[in-house]
Amino acid sequence: MVKFPVKLFEYMGKELFARYGIRVPRGKTAATAEEAAQAAAEIGAPVVIKSQVLTGKRGKGGGIKFASNPKEAQELGAAILGMTVQGYRVEKVLVEEQLQIDKELYVAITIDGSAKRPVLIASAQGGMDIEEVPEDFIVKVYIDPYLGVQPYLAREITRRLGLSGPPAKEMQRLLPLLYKIFKEKDAELVEINPLVISGEQLIAADAKVTIDDEALYRQKDLPRVEERTPLEKMAHDAGLSYVQLDGNIAVMANGAGITMGTLDIIQHYGGSPANFLDAGGGTGMEGTAKALEILLATSPKVILINIFGGITRCDDVANALAKVKKEKGIAVPVVIRLVGTNEEEGVRILKENGFEAYRKMEEAAAKAVELAG
Amino acid sequence: MAIIIDENTHVLVQGITGNQGLFHTRQMLAYGTKIVAGVSPGKGGTKAVGVPVYDSVNAALEEHRIDASVLFIPAAFAKDAAFEAIDAGIKVLVIITEHIPVHDELEIMALARQRGTTVIGPNTFGIVSSGKCKIGIPPNQFFVPGHVGVVARSGTLTYEIVANLTANGLGQSTVVGLGGDRVVGLSFVDVLEKFEKDPETNSVVLVGEIGGNAEEDAARFIRKMKKPVVAYIAGKSAPPGKRMGHAGAIIERGKGTFAGKVQALTGAGAAVATLPFEVPALIKAALRNQGIF
């Protein structure tokens, strides 16, 4: 099944930070221009108006503006609300006090898959994409999940960042809190960029938080952000892993790797896949039928099914196809590759229902590409 | 020989009385795996598919020698079951379970590192030393004894490639599934090191996919290997920013791309197959080059 990490909007991340005692700018969300003006009046201008979309580089896309009074906040709020930033429609803005910025830092905690450990990344050069910061200016520390970020580690990181005085003290307080959020909220990423030195304070001017969707069952109080298309959501609810693409050959296979491999072969023969649909291992008749319905809903030119049955039974797949054909009708050609557990039975059922089965995935893929024209 | 497991490996099944546990215990027994005991809290003293069931890992250890344990435990309870096995001193742990929260996986790996436990998975099909021992869920009939070592990140794709090898007269020494999650126990490099030393293995197939940098890490080791390596990487056509099923399979910020991986592997001397069915021919060509085939 597909993993959809749940990203939080900036304002949600900041609410989370504030709850744990990390300083954030005074701010308020607004869904209309009037609300933006009101927020600016309450906070006290000048303010910054930030589009709430799940993408970086909002500033370059025109999604962040500065207003010096409530009237201007209303005008800019109206302009930003409803605009599209990097393909995301803006439904809400965050109106915040403008900070006095003495210096911008970067700090994040994420997971390093190769090291199999959490990793804390910090830099005294914040405000830009961390990928663009030279390695010499990055402090990278692996964390033992049994120790977490202890005070000594926070002091050491602060020292290596070259901080001193009140901001250093603030950093020593902030780092353990950030790890606490990372751990307690099952986050895959908590990132503050920039983390602003403003006078004697450290203030999180941005918040990027991504939650592991496999842990949502124990994170019931976190806000839910729906990033999927309706079909993707329908597939997810049916226990299928589905990603929409833009071609005309609908694809279903059983297993993430083999589904990717199937898309690759289609492309290799000059075709274009309409989707990624991994029905997983052991999908029975019902799941297969649901998967077919999802594929049909995308109005493809051809459907290609690639099943290598291990736990998945070929007869289940064949029966599901027959059932959908009988009950709903299938108006487009279906190319099926079917081998593995109960293969003979499956192929027999297919034949009875007017489907041809291939034994090799490359032959099936070539046929599907030919039919798609 | 073969690596990690062989015909003398005594296996424990944690979660033996569940649907998956029962089904796959039966399949593993049919393959010839020496399953000596199962664990299912509250069901101690009973039998499942003829295998004695115990209430805890320690209770099983009082009666049996156990070399490896396999987990068929729901995601929410998998961390506890893994801790139980590691804490009891079991040296090889195969975690079949998918959907385990990544923070739980981080804790499992931290404890395993401390205790010197080998973890395969989570979210893996397991490991098969062909003809000797199968710990996991792959269909039995495609895995026949031979000299090709296989290491992979994904399941069904591996069955596809193993079936292709078998159909072309190439049996396997050991087939290892690392698991599809971002945090897993064994890495490509861990397994390649073992294959390089294993006298029964004469060549290696690496089945990778886009995302992460596991294949790039592997390439650095392959450079030093004497045995030929053939790789297949899934996800050539995947668009950036879309996760293709596995947690790791996503191209983010231009990293973990198909082209980058192929370049790293080819540069290290591995042959890279464009399509899965090309793998057997590439293995044969590599072996012929070494005067083996």
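Residues numbered from 1 in each chain as written. Chains lettered and ligands numbered in written order. Predicted model: local features only at pLDDT ≥ 70, side-chain atom pairs only at ≥ 80, totals over all residues. Heavy atoms only, no water.

1. Section: the pattern of salt bridges
Opposite charge on two side chains permits them to pair, given that their charged atoms come into close proximity.
Residues and elements named next belong to chain A.
Next, step 1: Scanning the entire structure with this criterion turns up 36 salt bridges over all chains.
Next, step 2: In this structure, Asp 221 and Lys 185 form a salt bridge, with 3.5 Å as the shortest nitrogen-oxygen distance. Separated by 36 residues along the polypeptide, Asp 221 in the loop between β13 (208-211) and α6 (230-237) and Lys 185 in the loop between α5 (165-184) and β11 (187-198) bring together distant segments of the chain.
Next, step 3: On the basis of relative accessible area, Asp 221 is assigned to the exposed category, the value being 52%.
Next, step 4: You can call Lys 185 buried: its relative accessible area is 9%.
Next, step 5: Among the charged side chains, a salt-bridge network with shared partners connects Glu 10, Lys 14, Lys 50, Arg 58, Glu 96 and Asp 206. (Salt bridge = Lys/Arg side-chain N within 4 Å of Asp/Glu carboxyl O. Helix = DSSP H or I, 4+ residues; strand = E, 2+ residues; numbered from the N terminus. Buried < 20%, exposed > 50% of the residue type's maximum accessible area, 1.4 Å probe, protein only.)

2. Overview of the packing of helix α7 (residues 214-222) of chain B against helix α8 (residues 258-267) of chain B
All names here are of chain B.
Next, step 1: Viewed as axis vectors pointing N to C, α7 and α8 meet at an angle of 10°, and their least axial separation amounts to 8 Å. The angle between α7 and α8 places the two elements in the roughly parallel class. Residues Ala 214, Glu 215, Glu 216, Ala 219 and Ile 222 of α7 form the contact with α8, whose own contacting residues are Gly 260, Lys 261, Ala 264 and Leu 265.
Next, step 2: Among the residues making up the contact of α7 with α8, the classes are represented as five nonpolar, one polar and three charged. (Axes fitted to C-alpha atoms, helices over the stretch in contact; angles between N-to-C directions. Parallel < 35°, antiparallel > 145°, perpendicular 65-115°, else oblique. Contact = heavy atoms within 4.5 Å. Nonpolar A, V, L, I, M, F, W, Y, C, P; charged D, E, K, R; others polar.)

3. Re the interface of chain A and chain B
Next, step 1: With 55 residues of chain A at the contact, the number on the chain B side is 54 residues.
Next, step 2: With both sides pooled, the region where chain A packs onto chain B buries about 4600 Å², and carbon together with sulfur makes up 58% of that total.
Next, step 3: For chain A, the biggest contributors to the area lost against chain B are Lys 116, Tyr 146 and Phe 308 of chain A; these three give 15% of the whole.
Next, step 4: In this structure, the connection of chain A to chain B is made through five salt bridges.
Next, step 5: Here Asp 104 of chain B and Arg 218 of chain A are joined by a salt bridge, their closest N and O atoms 2.9 Å apart.
Next, step 6: The interface formed by chain A and chain B includes 17 residue pairs in polar contact (both at pLDDT 80 or more).
Next, step 7: At the level of elements, β8 (103-112), β9 (117-123), α5, β11, β14 (241-244), α7 (256-268), β18 (334-340) and α11 (361-372) of chain A are the ones that each hand at least two residues to the side of chain A that touches chain B.
Next, step 8: Residue classes in the side of chain A that touches chain B are distributed as 25 nonpolar, 13 polar and 17 charged. (Buried area = accessible area lost by both parts, 1.4 Å probe. Polar contact = N/O pair within 3.5 Å; in protein donor to acceptor, adjacent residues only side chain to side chain.)

4. Digging into the domain arrangement of chain A
Next, step 1: Here chain A is partitioned into domain 1 (26-97), domain 2 (103-218) and domain 3 (230-372).
Next, step 2: Averaged C-alpha coordinates put domain 1 of chain A and domain 2 of chain A at centres separated by 27 Å. (Domains from an automatic or database assignment.)

5. Structural notes on the domain arrangement of chain B
Residue and element names in this part refer to chain B.
Next, step 1: Examined at the domain level, chain B breaks down into domain 1 (10-120) and domain 2 (138-289).
Next, step 2: Averaged C-alpha coordinates put domain 1 and domain 2 at centres separated by 27 Å.
Next, step 3: Contact residues are listed per partner, giving 10 residues for domain 1 and eight residues for domain 2.
Next, step 4: Carbon and sulfur atoms supply 57% of the area buried between domain 1 and domain 2, which totals about 870 Å² over both sides.
Next, step 5: The three residues of domain 1 that bury the most area against domain 2 are Tyr 31, Glu 105 and Ile 120, which together make up 50% of that side's buried surface.
Next, step 6: Where domain 1 packs against domain 2, one counts zero salt bridges.
Next, step 7: Where domain 1 meets domain 2, there are three residue pairs in polar contact (both at pLDDT 80 or more).
Next, step 8: Secondary structure elements with two or more residues in the side of domain 1 that touches domain 2: α1 (19-31), α4 (102-115) and β7 (118-120).
Next, step 9: Counting residues per element, the side of domain 1 that touches domain 2 draws most heavily on α4, at four residues.
Next, step 10: Counted by class, the side of domain 1 that touches domain 2 contains seven nonpolar, two polar and one charged residues.

6. A look at the sheet that holds strand β12 (residues 203-209) of chain B
Residues and elements named next belong to chain B.
Next, step 1: With mixed pairing, the seven strands of this open sheet are ordered in space as β9-β8-β11-β10-β12-β13-β14. A strand with exactly one partner marks an edge of an open sheet, and here the two such strands are β9 (133-136) and β14 (271-273). With direction set aside, neighbouring strand axes in the sheet form an average angle of 15°.
Next, step 2: On top of the sheet, α7 reaches β12 and β13 (229-234); it is set at about 160° to β12, its chief contact. (Pairing = 2+ DSSP bridges.)

7. What to know about the nonpolar core
Next, step 1: With 99 residues, the main nonpolar core has Val 151, Leu 206 and Ile 222 of chain B as its most contacted residues.
Next, step 2: Not counting chain neighbours up to four residues away, the residues in contact with Leu 206 of chain B comprise Val 151, Phe 188, Leu 192, Glu 215, Ala 218, Ile 222, Val 229, Val 230, Ala 231, Tyr 232 and Ile 233 of chain B.
Next, step 3: Listed in part, the 76 residues of the second largest apolar core include Leu 16, Tyr 20 and Leu 177 of chain A together with Ala 60 of chain B. (Core = buried A, V, L, I, M, F, W, Y, C linked by side-chain atoms within 4.5 Å.)

8. Some details on the side chain of Thr 259 of chain A
All names here are of chain A.
Next, step 1: With respect to the element layout, Thr 259 can be found in helix α7.
Next, step 2: Thr 259 sits in the buried class, given a relative accessible area of 0%.
Next, step 3: If we skip the residues at most four places from it in the chain, Thr 259 touches Ala 253, Asn 254, Phe 276, Leu 277 and Asp 278.

9. With respect to α8 of chain B
Residues and elements named next belong to chain B.
Next, step 1: For α8, every residue scored as buried is listed here: Phe 258, Lys 261, Val 262 and Leu 265. Down the axis of α8, the buried side of the element spans an arc of 95°, and every buried residue falls inside it. Projecting away from the buried face of α8 at angles above 90 degrees are the exposed residues Ala 259 and Gln 263.
Next, step 2: Where α8 is buried, its residues touch β12, α7, β13 and β14.
Next, step 3: Gly 269, located one to two residues past α8, shows a positive phi value of around 100°. (Arc of directions from axis to C-beta.)

10. Describing unusual backbone geometry
Glycine aside, residues mostly have negative phi, and peptide bonds are mostly found in the trans state.
Next, step 1: Following Ala 45 of chain A, the chain continues into Pro 46 of chain A via a peptide bond in cis, with omega recorded as 5°.
Next, step 2: Considering the arrangement of structural elements, one finds Pro 46 of chain A in the loop between α2 (33-43) and β3 (47-51).
Next, step 3: Going from Asn 193 of chain A to Pro 194 of chain A, the amide bond is cis rather than trans, its omega being 10°.
Next, step 4: A positive phi angle, close to 65°, is found at Ile 4 of chain B, a residue other than glycine.
Next, step 5: Looking at where Ile 4 of chain B falls in the secondary structure, it is placed in the segment before β1 (10-14).
Next, step 6: A positive phi angle is found at His 99 of chain B, which is not glycine, with a value near 70°.
Next, step 7: With respect to the element layout, His 99 of chain B can be found in the loop between β6 (92-95) and α4.
Next, step 8: Owing to a relative accessible area of 21%, His 99 of chain B belongs among the partly exposed residues under this scheme.

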